[in-house]
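What follows is each chain in one-letter form.
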2 protein chains.
Amino acid sequence: MLRPYLAVKACEAVGGREEDVLPAAAALEFLHTFTLIHDDIIDNDQTRRGVPTVHSRWGIPVAILAGDLLFANVYRTVLGGGLPPERTIRVLSLITEATVKLCEGQMLDITFPNLQEVEEEEYLKMIRWKTSYLFKTAAEVGGVAGGGTEEQIAALGSFADLSGVGFQIVDDVLGLTADERKLGKPVGSDIREGKKTLPVIHALNNASQGQKAVIWRAIGGNVTQEEILAARDLIVSLGSVEYTKRKARGYVEAAMKRLDVIPASPAKGSLIQLCNLLVLREF
Amino acid sequence: MLRPYLAVKACEAVGGREEDVLPAAAALEFLHTFTLIHDDIIDNDQTRRGVPTVHSRWGIPVAILAGDLLFANVYRTVLGGGLPPERTIRVLSLITEATVKLCEGQMLDITFPNLQEVEEEEYLKMIRWKTSYLFKTAAEVGGVAGGGTEEQIAALGSFADLSGVGFQIVDDVLGLTADERKLGKPVGSDIREGKKTLPVIHALNNASQGQKAVIWRAIGGNVTQEEILAARDLIVSLGSVEYTKRKARGYVEAAMKRLDVIPASPAKGSLIQLCNLLVLREF
């Protein structure tokens with residue numbers, strides 16, 4: 001429930017009360033969950049959070065409808081949330097624009113060109129749309145519900161956006177370096193699935209022809225765990241993991257700076273702590 | 001574009017201007033289209049309106065996302081539609097509740113018990129949720145956008161709801177009796193697809209054991225066109241088509257009565273004409 005947490009703390013950080021933002025905060029989690037249900041159909045993923053996905057358990061038709069119903073419930077919850085009309089409308093607009101971006105990000109992911117053609121910039125755009133835009137929206141929703149100034153709302157949004165990019169980049173690193181028990185899946189499974197992650201993109205852009213071949217063989221699928229680990233070690237030796245960590249730290253620092261316009265409070269402290277937790281895990 | 005038409009004429013009938021309701025009217029068509037795209041995936045229909053369905057042309061992932069994006073666009077369009085905040089919120093609430101009902105109606109359809117167990121009442125509930133609820137919502141949206149009184153808004157909604165039921169029932173009759181050229185599909189294809197229509201439900205409830213067997217054989221699928229036509233003739237001879245037509249006329253009459261509280265105007269005339277067109281086609 002990262003998104004509701006961001007909304008609640010952002011609301012409190014501008015002087016609002018938790019109860020003002022709770023319905024909208026719940027709606028953000030509904031929105032996130034709706035997109036997960038539909039994304040799992042699209043990616044044909046069989047499990048999530050250790051349990052069967054909706055479509056693998058109940059079938060695609062039920063999963064499509066469950067997602068649609070949850071999406072409608074996003075609006076129902078905000079509309080019945082008791083905010084003044086103008087704030088209700090602003091929150092709904094923020095949530096609607098976030099949904100558009102999420103759909104476009106997922107579409108970009110589906111139609112993403114082959115990994116060899118992916119530039120870092122395109123990758124960052126995609127994770128921005130797929131992940132950090134909803135973080136940004138959650139913080140803005142909190143700022144609006146709490147009655148923050150325009151400057152505060154923009155700062156909170158930017159803070160969450162940059163934190164979200166850092167969060168996603170760190171996930172990419174952990175997929176390569178964390179141990180299997182902590183990760184809940186085999187080390188290097190991102191490589192096996194041909195997932196576009198920043199370390200892989202950086203490595204491919206900095207490898208010799210021979211090194212590229214090793215990475216490409218691993219990405220191609222149908223390989224041994226030894227080949228995966230060889231590619232992983234090569235990516236590390238090319239400095240791509242260090243590069244990615246440095247990048248993540250840069251996003252964190254930029255994120256923190258945005259909070260300068262927010263007065264000190266326990267809620268602001270919670271936001272900073274969350275950012276550290278998300279981005280500096282295991283570093 | 002029946003739903004936008006209903007919204008525009010309802011708005012005008014309570015003294016509003018067309019331009020006040022146009023964005024919301026467009027949003028209603030987006031909503032209808034979004035549900036069609038997802039329903040076509042669910043029912044695995046290959047064509048609609050004479051062209052390939054979205055998922056058959058672009059694949060299920062793109063069709064899911066296209067529907068989701070269109071759904072987000074429903075809200076985007078109303079939110080940017082220029083109505084005063086209170087009316088915007090009321091229109092969004094109406095649209096949201098309609099979406100919930102549409103999803104629930106579709107779910108009911110998926111999980112509908114076998115035809116032999118279907119009661120007329122359950123059938124009417126399903127078409128109410130799947131079809132006429134959005135008609136009702138369209139008319140109410142028009143009434144709200146046009147600044148109608150509560151009594152007028154309720155009357156317009158009830159008018160459209162009853163017209164919608166009549167419309168769907170007439171569709172059931174036309175599927176049995178209209179000629180192939182007008183219908184765009186073979187006569188009796190509803191029977192072949194095992195579709196739950198009012199004439200079939202009525203016939204099954206009024207047939208002898210032997211007659212039931214004839215109808216069941218046709219519904220079972222994998223039958224000749226002769227067997228379909230024999231079942232069709234039997235359904236007609238059992239009075240089920242007459243019964244259904246009578247039922248539709250009852251809905252039309254009830255619908256018209258609801259408009260008594262709306263003052264005479266060209267827009268009211270258009271609503272009455274639309275109702276006649278929808279329900280009395282081919283009778």
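Reading the values: rules and limits
Per-chain numbering applies: the sequence of each chain, read as written, is numbered from 1 onward. Chains and ligands are labelled sequentially in the order written, the chains with letters from A and the ligands with numbers from 1. Totals for whole chains, interfaces and linings use every residue, but because this is a predicted model, local features are given only for residues with pLDDT of at least 70 and side-chain atom pairs only at 80 or more, for both listing and counting. Water and hydrogen atoms play no part in the side-chain values, which are based on all heavy atoms of the structure. Only DSSP runs of H or I with at least four residues qualify as helices, and only runs of E with at least two residues qualify as strands; both kinds are numbered from the N terminus onward. Buried, partly exposed and exposed residues are distinguished by accessible area as a fraction of the type maximum, computed with a 1.4 Å probe on protein chains only: under 20%, between the cut-offs, and over 50%, respectively. In what follows, a contact means two residues having at least one pair of non-hydrogen atoms within 4.5 Å. Throughout, the Shrake-Rupley method with a 1.4 Å probe supplies accessible areas, and for residues the shown protein chains are the sole cover considered. Counting rule applied: Lys, Arg positive; Asp, Glu negative; His and chain ends not counted. For the purpose of locating charges, the reference atoms are NZ of Lys, CZ of Arg, CG of Asp and CD of Glu. Centres within 6.5 Å are what make two rings of Phe, Tyr or Trp a pair, Trp counting through its six-membered ring; a difference in plane orientation under 30 degrees is then read as stacked, over 60 as edge-to-face, and the rest as tilted. Counted as over-ring charges are cases with an Arg CZ or a Lys NZ within 6 Å of the ring centre that also lie within 35 degrees of the ring normal. The directions from the helix axis to the C-beta atoms are what the arc is built from. Superposing the copies works by least squares over the C-alpha atoms of residues that have pLDDT at least 70 in both of them. Note on definitions: salt bridges are taken to be side-chain nitrogens of Lys or Arg within 4 Å of carboxyl oxygens of Asp or Glu. In a helix, the anticipated span is given by 1.5 Å times the number of residues less one. In this text, buried Ala, Val, Leu, Ile, Met, Phe, Trp, Tyr and Cys residues form a nonpolar core when linked through side-chain atoms within 4.5 Å. Buried area: the accessible surface (1.4 Å probe) lost by two parts on joining, summed over both. Polar contact is the term for a pair of N or O atoms within 3.5 Å; when the atoms are in protein, one must be able to donate a hydrogen and the other to accept it, and sequence-neighboring residues count only if both atoms are side-chain atoms. In this count, Pro and Cys sit with the nonpolar residues alongside Ala, Val, Leu, Ile, Met, Phe, Trp and Tyr, while Asp, Glu, Lys and Arg are called charged and the others, Gly among them, polar. Values of pLDDT, ranging from 0 to 100, describe the predictor's confidence in every residue of the model. Between N-to-C directions, angles cover 0 to 180 degrees, with each direction set by a line fitted to C-alpha atoms, over the stretch in contact for helices. Throughout this description, any angle smaller than 35 degrees is read as roughly parallel, any larger than 145 degrees as roughly antiparallel, any in the 65 to 115 degree range as roughly perpendicular, and the remainder as oblique. Each helix crossing is assigned a hand: it is left-handed if the near helix lies turned anticlockwise from the far helix by less than a right angle, otherwise right-handed if that turn is clockwise.

Caption draft 1: Geometry of the overall build of chain A. Along the backbone of chain A there are 14 helices and two strands. The principal-axis extent of the C-alpha atoms belonging to chain A is close to 60 × 45 × 35 Å. A buried classification covers 54% of the 283 residues belonging to chain A. Put simply, of all contacts in chain A between residues at least 6 apart along the chain, 72% involve residues at least 24 apart. For chain A, the exposed surface amounts to about 12,100 Å²; the carbon and sulfur share of it is 52%. Averaged over its 31 positive side-chain charges, chain A has a centre that lies 2 Å from the centre of its 36 negative ones.

Caption draft 2: Representation of the packing of aromatic side chains within the structure. Under the counting rule described, the total for this entry stands at eight aromatic pairs over all chains. Summarising the aromatic geometry, the rings of Phe71 of chain A and Tyr75 of chain A are spaced 5.7 Å apart at their centres and angled 45° between planes, so their arrangement reads as tilted. Placement of both Phe71 of chain A and Tyr75 of chain A in helix H4 (residues 60-79) is noted, with a separation of four residues, approximately one turn of the helix. Among the residues examined, Tyr75 of chain A registers a relative accessible area of 0% and is labelled buried. Counting every residue linked through ring pairs, the aromatic cluster contains Phe34, Phe71 and Tyr75 of chain A together with Phe34, Phe71 and Tyr75 of chain B. Positioned above the aromatic ring of Trp129 of chain A, the side-chain terminus of Lys125 of chain A is 5.4 Å from the ring centre.

Caption draft 3: Summary view of helix H11 (residues 209-219) of chain A. Residue and element names in this part refer to chain A. Within the span of H11, buried status applies to Ile215, Ala218 and Ile219. Across the axial projection of H11, the buried residues extend over an arc of 100°, all falling on one side. In this structure, the buried side of H11 is in contact with helix H9 (189-192), helix H10 (198-206) and helix H12 (225-237). Phi turns positive, to about 80°, at Gly221, one or two residues after H11.

Caption draft 4: View of the relation of the copies chain A and chain B. Laying chain A over chain B is done by rotating through 180° and shifting 0.0 Å along the axis; what remains is an RMSD of 0.0 Å. Both chain copies can therefore be described as sitting about a two-fold axis. Residues of chain A ranked by C-alpha distance from the rotation axis are headed by Pro85 of chain A, positioned 3.0 Å from it. Counting the interface residues of chain A, we find that 100% of their copies in chain B are interface residues as well, pointing to one common contact surface.

Caption draft 5: Expanded view of the pattern of salt bridges. Counted by the stated rule, this structure contains 22 salt bridges over all chains. A salt bridge links Asp161 of chain A to Arg128 of chain A; the shortest N-O distance between them is 2.9 Å. Of this pair, Asp161 of chain A sits in helix H7 (residues 150-177) while Arg128 of chain A sits in helix H6 (residues 120-145), and the two are 33 residues apart along the sequence. Take Asp161 of chain A: its relative accessible area is 10%, and that puts it in the buried class. Accessibility expressed as a relative area gives 28% for Arg128 of chain A, which makes it partly exposed. The closest approach of N and O atoms between Glu19 of chain B and Arg17 of chain B, which form a salt bridge, is 3.8 Å. The exposure class assigned to Arg17 of chain B is partly exposed, which follows from its relative accessible area of 48%. Bridged by salt links that share partners, the residues Arg17, Glu19 and Asp20 of chain A form one connected network.

Caption draft 6: Quick look at helix H13 (residues 240-258) of chain A. Residue and element names in this part refer to chain A. When the terminal C-alpha atoms of H13 are compared, their 28 Å separation across 19 residues agrees well with the 27 Å that a helix rising 1.5 Å per residue should span. Those residues of H13 not exposed but buried are Ser240, Val241, Tyr243, Thr244, Lys245, Ala248, Tyr251, Val252, Ala255 and Met256. Those residues of H13 that are buried lie in contact with H6, H7, H10, H12 and helix H14 (266-280).

Caption draft 7: Representation of the nonpolar core in the model. The biggest cluster of nonpolar side chains holds 151 residues, and the ones touching the most others in it are Ile95 of chain A together with Ile95 of chain B. Excluding residues that lie within four positions of it along the chain, Ile95 of chain A makes contacts with Ala27, Leu28, Leu31, Val74, Tyr75, Val78, Thr137 and Val141 of chain A.

Caption draft 8: Up close: the interface of chain A and chain B. The interface of chain A with chain B comprises 29 residues on the first partner and 29 residues on the second. Taking both partners together, chain A and chain B bury about 2,900 Å²; carbon and sulfur atoms supply 82% of that area. The tally of links from chain A across to chain B stands at two salt bridges. Salt-bridge contacts for Glu97 of chain B lead to Arg76 of chain A; the nearest nitrogen and oxygen are separated by 2.6 Å. Linking chain A to chain B there are four residue pairs in polar contact (both at pLDDT 80 or more). Listed by contribution, the elements that provide at least two residues to the side of chain A that touches chain B are helix H2 (18-43), H4 and helix H5 (85-110) of chain A. Considering every element that reaches the side of chain A that touches chain B, the biggest residue donor is H5 of chain A, with 14 residues. Class assignment of the residues belonging to the side of chain A that touches chain B gives a composition of 19 nonpolar, six polar and four charged.

Caption draft 9: Broad picture of the confidence of the model for chain A. Averaged over chain A, the pLDDT score is 90; the fraction of residues at 70 or greater is 94%. The complex model carries a pTM of 0.88, and its ipTM stands at 0.87.

Caption draft 10: Looking closely at the packing of H5 of chain A against helix H4 (residues 60-79) of chain B. It is the contact of H5 of chain A with H4 of chain B, at a shortest axis distance of 9 Å, that shows an interaxial angle of 160°. Relative to H4 of chain B, the element H5 of chain A lies roughly antiparallel. Judged by the sense of rotation from one axis to the other, the crossing of H5 of chain A with H4 of chain B is left-handed. Residues Ile89, Leu92, Ser93, Thr96, Glu97, Thr99, Val100, Cys103, Gln106, Met107 and Ile110 of chain A of H5 of chain A pack against Pro61, Val62, Leu65, Asp68, Leu69, Ala72, Tyr75, Arg76 and Leu79 of chain B of H4 of chain B. Residue classes in the contact of H5 of chain A with H4 of chain B are distributed as 13 nonpolar, four polar and three charged.

Caption draft 11: Spotlight on unusual backbone geometry. All names here are of chain B. Of note in this structure, Asn44 is not a glycine but carries a positive phi near 50°. Mapping Asn44 onto the fold places it in the loop between helix H2 (18-43) and strand E1 (47-48). The phi dihedral of Arg49 is positive, around 55°, even though this residue is not glycine. By the element assignment, Arg49 lies in the loop between E1 and strand E2 (51-52).

Caption draft 12: Examining the environment of Ala66 of chain A more closely. Counting through the fold element by element, Ala66 of chain A comes out in helix H4. As a C-alpha pair, Ala66 of chain A and Met126 of chain A span 60 residues in sequence and 26 Å in three-dimensional space.

Caption draft 13: Quick look at the side chain of Ser270 of chain A. With respect to the secondary-structure elements, Ser270 of chain A resides in helix H14. Overall, the relative accessible area of 13% leaves Ser270 of chain A in the buried class.

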